[in-house]
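These are the residues of each chain, in order.
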Amino acid sequence: MLTKDEGIVIRTVDYGETNKIVTLFTRAGGKVAVFGRGAKKTRSTLASVTQLFTYGSYLFFLGSGLGTMRQGEMIDSFRRLREDLYRTAYASYIVELLDKVTEDQSPDPFLFELLYQCLHYIDEERDPEVIMFIFQTKMLHVAGIRPELNGCSRCGHRDGPFLFSIVEGGLLCERCQRVDPRAWPVADVVVKLLRLFSSFAMNRLGQISLKPETKKALKTILDNYYEEYSGLRMKSKRFLDQLERMDPGTS
């Protein structure tokens, strides 16, 4: 079946000396893997439109197995994102997380728009770490491992202050903290941000600036929660952590 759809390149794998297998996350069809014949050749019409992060309009043939890309027209290359190592690293994490969580090819226009907006904001030189936090929070729901953020995960109490418990899968009120001695206190602003990140439309994001201690708290919660419940092992995350250790001031 010959199909035309908008898509964003979320993964590429070299195949032989001149070809690529390209994974697209498309607006209408979800995740699609296609064979790009000659896409590694500099003069190929597919060379530029099969680069990681590229947003384009693609024509491809889908059969029972691997599809075949026929042609593509670039809509946005996210050039500024590519020119900065740190922005590239955050964008790499975002596309890898999407790829890992979405195992099937089910159409999901919401996810396509979320992915586009995240790459667009990073390309616009918004804080890439904040964009990553928002994406991570929203993807918890997609992965089916969303923590309890509306109130205490044990008794349902909705008034803070709260602690965060990895074991209990979300917030704990002070009365219930005995069930998890390793739960740690979480500031009210962090709870509010997690709730906001989980629910708001990405295209409504305004300018947002977070204090270092707020970023650290969000990172601790999200990293530990993903490690406990997702089972994902991601190369892009390891690289991001290495960059942070080399230059903590970049986050």
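Structure first, text after, so check above.
Conventions adopted
- Residues numbered from 1 in each chain as written.
- Predicted model: local features only at pLDDT ≥ 70, side-chain atom pairs only at ≥ 80, totals over all residues.
- Heavy atoms only, no water.
- Buried < 20%, exposed > 50% of the residue type's maximum accessible area, 1.4 Å probe, protein only.
- Helix = DSSP H or I, 4+ residues; strand = E, 2+ residues; numbered from the N terminus.
- Pairing = 2+ DSSP bridges.
- Phe/Tyr/Trp six-rings, centres within 6.5 Å; stacked < 30°, edge-to-face > 60°.
- 1 Å grid on protein atoms, 1.4 Å probe; cavity = no way out; pocket = protein on both sides within 12 Å on 5 of 7 lines; lining within 4 Å.
- Points joined across faces, edges and corners; volume = space filled by probe spheres on them.
- Nonpolar A, V, L, I, M, F, W, Y, C, P; charged D, E, K, R; others polar.
- Expected span 1.5 Å × (residues − 1).
- Contact = heavy atoms within 4.5 Å.

1. Quick notes on the pairing of strand β4 (residues 55-61)
For β4, the tally of buried residues reaches five of seven residues, placing the bulk of the element in the interior. Sheet topology places strand β1 (residues 2-15) next to β4; seven bridges connect them, and they run antiparallel. Bridging from a neighbouring strand, Ile 8 pairs with Tyr 55 of β4. In this sheet, strand β5 (residues 67-76) lies alongside β4 in antiparallel orientation, the contact comprising seven bridges. In the strand pairing of β5, Ser 57 is matched with Glu 73.

2. So, the packing of aromatic side chains
Within this structure, the stated rule accounts for seven aromatic pairs. Look at Phe 164 and Tyr 225: their rings are 6.1 Å apart centre to centre, the planes differ by 70°, and that puts the pair in the edge-to-face class. Residue Phe 164 is found in strand β6 (residues 162-165), and its partner Tyr 225 is found in helix α6 (residues 212-229); the two are separated by 61 residues along the sequence. Of the two residues, Phe 164 and Tyr 225, neither departs from the other in class, the shared state being buried. Taken together, the ring pairs in this structure connect Tyr 55, Phe 78, Phe 112 and Tyr 116 into an aromatic cluster.

3. Structural notes on empty space enclosed by the protein
Scanning all chains against the criterion turns up three cavities of 30 Å³ or more. For the largest cavity, the calculated volume is near 50 Å³. Lining the largest cavity are Thr 137, Leu 140, Pro 147, Leu 149, Phe 164, Leu 194, Ile 221, Leu 222 and Tyr 225. Listing elements by their share of the lining of the largest cavity, those giving two or more residues are α4 (128-142) and α6. If you tally residues by element for the lining of the largest cavity, the top one is α6, at three residues. Of the residues that constitute the lining of the largest cavity, the class distribution is eight nonpolar, one polar and no charged. Approximately 40 Å³ is the volume found for the second largest cavity. Lining of the second largest cavity is provided by Tyr 90, Glu 129, Met 132, Lys 219, Lys 237, Leu 240, Asp 241 and Glu 244. Of all the secondary structure elements, the ones that give two or more residues to the lining of the second largest cavity are α4 and α7 (235-246). With four residues, the top contributor of residues to the lining of the second largest cavity is α7. Across the lining of the second largest cavity, the residue classes break down as three nonpolar, no polar and five charged.

4. Thoughts on helix α5 (residues 188-199)
For α5, spanning 12 residues, the distance from its first C-alpha to its last is 17 Å, which sits close to the expected 16 Å at 1.5 Å a residue. Its buried side turned inward, α5 meets α4, β7 (170-173), β8 (184-186) and α6.

5. Focus: the layout of surface pockets
If you add up the space inside the largest pocket, you get close to 310 Å³. Contributing elements (two or more residues each) for the lining of the largest pocket: α6 and α7. The element best represented in the lining of the largest pocket is α6, accounting for five residues. Classifying every residue of the lining of the largest pocket by side-chain character gives five nonpolar, three polar and six charged.

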